[in-house]
Amino acid sequence: VQLQASGGGLVQPGGSLRLSCTASGPIYEINRMGWYRQAPGKQRESVANIGDRIDYADSVKGRFTISRDNTLKLVYLEMNSLNPEDTAVYFCYVKYRLYGRRGWYDGWGQGTLVTVSS
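Quick summary incoming for the structure in this document. What you see is a predicted model; the values in this text were computed from it and never measured.

### Details of the state of the cysteines
Then step 1. If you walk through the whole model with that rule in mind, you get 1 disulfide.
Then step 2. One disulfide in the model links Cys-21 with Cys-92; its S-S distance is 2.1 Å. The disulfide joining Cys-21 to Cys-92 has a torsion of about 45° about its S-S bond and is therefore right-handed. With a gap of 71 residues between them, Cys-21 in strand β3 (residues 17–24) and Cys-92 in strand β9 (residues 88–98) connect regions that are remote in the sequence.

Printed below as a string of structure tokens:
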């Protein structure tokens, strides 16, 4: 299973970006998809996750919106009102099951850099 993220880049404070992530491979079922981020010198943190419910980090509530296309195994993160504290490498995440196998697996994308700077 592979996750391919895209959409990162350089944006000015107050700007917007949209991240996308596609999961590919023999996925039978997806439980949750989401986004994490890791800023320089900091631990990786959860930004937003979507499954039976949607969860957001307090720091992004009201600014970021996560959505999902189950058929295409896509997850999006719409980021608005970006500020320099949002600068980080963003990683997409999926919790999935494989055809013919029991149990749930965790998958991670390669990361896409978001830089918010004037």
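### Here's the deal with the environment of Val-60
Then step 1. Structurally, the position occupied by Val-60 is in the loop between β6 (54–56) and β7 (64–69).
Then step 2. Placed 50 residues apart in sequence, Val-60 and Gln-110 show a C-alpha to C-alpha distance of 22 Å.
Then step 3. Dropping the residues within four chain positions of it, Val-60 is found in contact with Arg-37 and Val-47.

### Overview of the packing of aromatic side chains
Then step 1. Summed over all chains, the structure comprises 5 aromatic pairs.
Then step 2. Relative to Trp-108, the ring of Tyr-36 has its centre 4.9 Å away and its plane inclined at 70°; by these criteria the two rings are edge-to-face. Taken together, the residues Tyr-36 in strand β4 (residues 27–38) and Trp-108 in strand β10 (residues 105–108) connect sequence positions 72 residues apart.
Then step 3. Seen in terms of ring centroids, Tyr-93 and Trp-108 are 5.0 Å apart; in terms of plane orientation they differ by 50°. Their pairing is tilted. In this pair, Tyr-93 is assigned in strand β9 and Trp-108 in strand β10, connecting sequence segments 15 residues apart.
Then step 4. The partly exposed category is assigned to Trp-108, whose relative accessible area is 38%.
Then step 5. The ring of Tyr-76 carries Arg-18 above its face, with NZ or CZ at 4.0 Å from the centroid.
Then step 6. Looking at Arg-97, its charged tip hangs above the ring of Trp-104, at a distance of 5.1 Å from the centre.

### Quick notes on the pattern of salt bridges
Then step 1. If you walk through the whole model with that rule in mind, you get 9 salt bridges.
Then step 2. In this structure, the salt-bridge partner of Arg-53 is Asp-55, at a minimum N-O distance of 2.9 Å.
Then step 3. Residue Arg-53 is classed as exposed on the basis of its relative accessible area, which comes to 54%.
Then step 4. Asp-55 sits in the partly exposed class, given a relative accessible area of 30%.
Then step 5. The closest approach of N and O atoms between Asp-86 and Arg-63, which form a salt bridge, is 2.8 Å. Of this pair, Asp-86 sits in the loop between β8 (74–79) and β9 while Arg-63 sits in the loop between β6 and β7; the two residues are 23 residues apart in sequence, bridging distant segments of the chain.
Then step 6. On the accessibility criterion, Asp-86 (1% relative accessible area) is buried.

### Quick word on the environment of Asp-86
Then step 1. A C-alpha to C-alpha distance of 9.9 Å links Asp-86 and Ser-117, two positions 31 residues apart in sequence.
Then step 2. Excluding residues that lie within four positions of it along the chain, Asp-86 makes contacts with Arg-37, Arg-63, Phe-64, Ser-81, Val-114 and Val-116.
Then step 3. Side chain to side chain, Asp-86 and Arg-63 meet in a polar contact 2.8 Å long.

What counts, and at which threshold
Residues numbered from 1 in each chain as written. Predicted model: local features only at pLDDT ≥ 70, side-chain atom pairs only at ≥ 80, totals over all residues. Heavy atoms only, no water. Disulfide = S-S within 2.5 Å. Helix = DSSP H or I, 4+ residues; strand = E, 2+ residues; numbered from the N terminus. Contact = heavy atoms within 4.5 Å. Phe/Tyr/Trp six-rings, centres within 6.5 Å; stacked < 30°, edge-to-face > 60°. Buried < 20%, exposed > 50% of the residue type's maximum accessible area, 1.4 Å probe, protein only. Lys NZ or Arg CZ within 6 Å of the ring centre and 35° of its normal. Salt bridge = Lys/Arg side-chain N within 4 Å of Asp/Glu carboxyl O. Polar contact = N/O pair within 3.5 Å; in protein donor to acceptor, adjacent residues only side chain to side chain.

Geometric values such as these leave the question of function open.
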